[in-house]
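In case you want the letters, here they are:
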Amino acid sequence: MLSERRLEVLRAIVQDYVGTEEPVGSKALTERHRLGVSPATVRNDMAALEDEGFIAQPHTSAGRIPTDKGYRLFVDKLAGVKPLSSPERRAIQNFLDGAVDLDDVVGRTVRLLAQLTRQVAVVQYPSLTRSTVRHVELLSLAPARVMLVLITDTGRVEQRMVDCPVPFGETSLADLRARLNSRVTGRRFADVPQLVQDLPESFEAEDRGTVSAVLATLLETLVEETEERLMIGGTANLTRFGHDFPLTIRPVLEALEEQVVLLKLLGESEDSGMTVRIGHENAHEGLTSTSVVAVGYGSGDEAVAKLGVVGPTRMDYPGTMGAVRAVARYVGQILAES
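Remember, predicted model here, so these are calculated numbers, not experimental data. (Residues numbered from 1 in each chain as written. Predicted model: local features only at pLDDT ≥ 70, side-chain atom pairs only at ≥ 80, totals over all residues. Heavy atoms only, no water.)

**Concerning the sheet that holds strand β6 (residues 157-163)**
An order of β4-β5-β6 is seen for the 3 strands of this open sheet, with the pairing classed as antiparallel. The open sheet terminates on both sides in strands that have one partner only, identified here as β4 (133-142) and β6. Taking the axes of each pair of neighbouring strands and ignoring which way they run, one obtains an average angle of 20° across the sheet. Where strand β5 (residues 145-152) lies against β6, 7 bridges are found, and the strand directions are antiparallel. Across the sheet, the residue bridging to I151 is V157, located in β6. The sheet contacts of helix α7 (residues 170-184) involve β4 and β5, and relative to β4 the element is tilted by about 165°. Each of β4, β5 and β6 touches helix α9 (residues 208-223); the most contacted strand, β6, lies at about 145° to it. (Pairing = 2+ DSSP bridges. Helix = DSSP H or I, 4+ residues; strand = E, 2+ residues; numbered from the N terminus. Axes fitted to C-alpha atoms, helices over the stretch in contact; angles between N-to-C directions. Contact = heavy atoms within 4.5 Å.)

**Comments concerning a nonpolar patch on the surface**
A contiguous nonpolar patch, built from L139, L141 and M161 and spanning about 250 Å² of accessible area, is present on the exposed surface. The topology assignment puts M161 in strand β6. (Patch = residues over 30% accessible without salt bridge, like charges linked within 9 Å, V, L, I, M, F, W, Y side chains within 5 Å. Areas by Shrake-Rupley, 256 points an atom, 1.4 Å probe, with all protein chains shown as cover. Salt bridge = Lys/Arg side-chain N within 4 Å of Asp/Glu carboxyl O.)

**Concerning the nonpolar core**
Taken as a class, soluble globular proteins show a tendency for nonpolar side chains to be buried jointly. L29, Y297, L307 and Y317 are the most contacted members of the largest nonpolar core, which has 59 residues in total. When residues of this core are assigned to their parent elements, the largest contribution, 11 residues, is made by helix α12 (residues 317-337). (Core = buried A, V, L, I, M, F, W, Y, C linked by side-chain atoms within 4.5 Å. Buried < 20%, exposed > 50% of the residue type's maximum accessible area, 1.4 Å probe, protein only.)

**What about the packing of aromatic side chains?**
For the structure on display, the rule yields 1 aromatic pair. Taken together, a centroid distance of 5.6 Å and an interplanar angle of 50° make the contact between Y71 and Y317 tilted. Residue Y71 is found in helix α4 (residues 68-78), and its partner Y317 is found in helix α12; the two are separated by 246 residues along the sequence. One exposure class covers both Y71 and Y317, and it is buried. Just above the ring of F54 sits the side chain of K69; from NZ or CZ to the centre is 4.6 Å. (Phe/Tyr/Trp six-rings, centres within 6.5 Å; stacked < 30°, edge-to-face > 60°. Lys NZ or Arg CZ within 6 Å of the ring centre and 35° of its normal.)

**Here's the deal with the pattern of salt bridges**
In the structure shown here, the tally under the stated rule is 17 salt bridges. R108 is the salt-bridge partner of D104, the closest N and O atoms lying 3.2 Å from each other. Here R108 and D104 lie together in helix α6 (residues 102-117), a separation of 4 residues that amounts to about one turn. D104 gets classed as buried once you look at its relative accessible area, which sits at 19%. The salt bridge involving D163 is made with R145; its shortest N-O contact spans 2.8 Å. Taken together, the residues span a long stretch of sequence, with D163 in strand β6 and R145 in strand β5 at a distance of 18 residues. Note on R145: relative accessible area 34%, which makes it partly exposed. Here the salt bridges do not stand alone but share partners, grouping R5, R6 and D45 into one network.

Structural data, given as structure tokens:
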């Protein structure tokens, strides 16, 4: 275990390096921070931190910089989440309140996160598997063609065409719509297949083929991969941090183009808590020089998706964590009210 003083020295090194982009020396630390000890003692503390792998000496400099292990200790033990100011919170609310639909909410959230943190923002669309059905609409487009519209509790709208085996009248369609909604409205997507499996038998024999076709399309919609949609923004922010990436920024940009990589980065949606992954904790080799701060968002107590930011390990962790958490809260409120 590190002593309180050495933890304070580590905190000061992280804060200075993040703020100045320059490796930190013992003289500068004693001048900038009230550590209450001499530069010689700080030098000894820095030597101990270096021996334990919390800081390292870049070959070009007499100063020290935090390692992934040092940043991890800083995030776990030393960094609180920095709350946003009232003007910042108002700006978030005003910007997100103008959204007209789910795509607009996600698009605005990405732009906002990228602006607030000056990092790359990633927002996952609400996952269908954790959503509930708000309404299923069935519209007759032709005697044997129906449009199915699925509306979720998070404001997501999915439209599908259904070709019916025989013509299906308006009265039968209204009956199916009513019976279907009475079974699935307010229910979780995962429960829907069981809730509707015996529905065709409750219709006349000549209508069962069409009812089965509508249900098959509904169930396909529930399991389609559209649930793993993402939006990303602010990639250009990475160019400001060119010197933070050891060789080139290219592996980072290539990794960010892969949706599977991004979904893994954000982590499981069920885990709604704040996750911070630093440097080599990211499995993808193109991202070992980055940190990821992510959190779940949702319209109630349960997270329906994740949002977060990707940036260099030399990151303002308290400020980034505060911004990500605040934006997630506001997005959750908007979904709850939509």
